[in-house]
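# Architecture at a glance
The lines below spell out each chain.
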Amino acid sequence: MADRRLQVFYTVAKQLSFTKAAEILFMTQPAVTFQVKQLEEHFNTRLFERSHSKITLTPAGRLAMEYAERILSLTAEMETRLTEMTGEVGGTLMIGASTTIAEYMLPRMLGDFKARYPQVQARLTVANSETVESKVADHTLDIGLIEAPSHHPSLKSEVCCEDELVLICSAQHELSKLSSVSAEKLAVQPYISREAGSGTREVVDDYFKRAGISPDDLNIAMELGSPEAIKGAVEAGLGIAIVSRVTILKEVKLGDLVAVPLEPRLIRPLSVVYATEKFRSKLLQSFLDFTTAALK
């Protein structure tokens, strides 16, 4: 039985979607369906119950998924160990990163890592912290970089650096002249928030809670899914926001936005997460070491 067929089945089983599996595997949906059909013919049993709107695993499918996960994990470990016997660090590294880290911190670092380890193929998935955690936990990703503390029991979390969050507003805003601003002053302003599941959203919500302000009582003007969208809305005068300082260096320099420190200051740890039971290859350890050193 080909590993590829097993990989296709496992991806469909994890996603419970032929369409999503095809996107992840860079295949057409008919090709994915064909591979699963061949596997079902090989075992002479149905692995999925199909309806017009969804698919579910049959009892045989659930059993096959358990074995597929173990087989694929052992295969990957074998390939990694054999590669490492040559003394080279190489292979594919599946990295996940939350939006702020992926857009403003990782690009140069990945370039430097590739220069040091040219045999490594890094693949980056960008999502909010919650999604990155979930994908690392189910082994879709090897490692993740997130903006909030990890809450997943099966993941190991290591702080790699600190990041300061600040208020941003337009240059014409009444708060732009202040040297610092409290949570109480922010609570009455039209506020532009990140979406639920964002690491930044979680940290900011906690900040307001510590000040005795419920996030539900904020004057939320809108919720947006990326730092770029938030910066655009703030520049347009639609409200204020709290963002990572590293995301607004250019806009502050150009005078498009004003950054005001919070009082007390809001410093958050950025963390690297990986599965505790996953074999830690030389490649994974090299990336962990490199990331921690580069981001400090």
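The preceding data block contains the structure.
Please read these numbers as outputs of a predicted model, since none were measured by experiment.

Okay, helix α7 (residues 129-137) next. Three or more residues of α7 are buried, namely Ser129, Val132, Glu133, Val136 and Ala137. For α7, the buried positions fall inside an angular range of 135° around the axis, keeping them on one side. Where α7 is buried, its residues contact β3 (91-97), β5 (143-146), β6 (155-169), α9 (199-210) and β11 (266-275).

Attention shifts here to the packing of aromatic side chains. Across all of its chains, the model carries 7 aromatic pairs by this definition. The interplanar angle of 55° and the centroid separation of 4.9 Å between the aromatic rings of Phe113 and Tyr117 together place this pair among those described as tilted. Both residues of the pair, Phe113 and Tyr117, belong to the buried class. Ring pairs connect the aromatic residues Phe113, Tyr117, Phe287 and Phe290, which therefore count as one cluster. Lying across the ring of Tyr67, Arg70 places its NZ or CZ 4.8 Å from the centre.

This part covers a nonpolar patch on the surface. Taken together, the side chains of Leu63, Tyr67 and Ile71 define a hydrophobic patch exposed on the protein surface, amounting to about 280 Å² of accessible area. Within the secondary structure, Tyr67 is located in helix α4 (residues 59-84).

Attention now moves to the pattern of salt bridges. Across all of its chains, the model carries 11 salt bridges by this definition. Put simply, Glu164 and Arg245 hold a salt bridge, and the shortest N to O gap is 3.4 Å. Taken as a pair, Glu164 in strand β6 and Arg245 in the loop between β9 (241-244) and α11 (249-254) lie far apart in primary sequence, 81 residues in all. The buried category is assigned to Glu164, whose relative accessible area is 13%. Arg245 gets classed as partly exposed once you look at its relative accessible area, which sits at 31%. A salt bridge links Arg201 to Glu223; the shortest N-O distance between them is 3.4 Å. Note that Arg201 is positioned in helix α9 and Glu223 in strand β8 (residues 220-224), a separation of 22 residues in sequence. One connected set of salt bridges, linked through shared partners, spans Glu147, Asp163 and Arg268.

What counts and how
Residues numbered from 1 in each chain as written. Predicted model: local features only at pLDDT ≥ 70, side-chain atom pairs only at ≥ 80, totals over all residues. Heavy atoms only, no water. Buried < 20%, exposed > 50% of the residue type's maximum accessible area, 1.4 Å probe, protein only. Helix = DSSP H or I, 4+ residues; strand = E, 2+ residues; numbered from the N terminus. Arc of directions from axis to C-beta. Contact = heavy atoms within 4.5 Å. Phe/Tyr/Trp six-rings, centres within 6.5 Å; stacked < 30°, edge-to-face > 60°. Lys NZ or Arg CZ within 6 Å of the ring centre and 35° of its normal. Patch = residues over 30% accessible without salt bridge, like charges linked within 9 Å, V, L, I, M, F, W, Y side chains within 5 Å. Areas by Shrake-Rupley, 256 points an atom, 1.4 Å probe, with all protein chains shown as cover. Salt bridge = Lys/Arg side-chain N within 4 Å of Asp/Glu carboxyl O.

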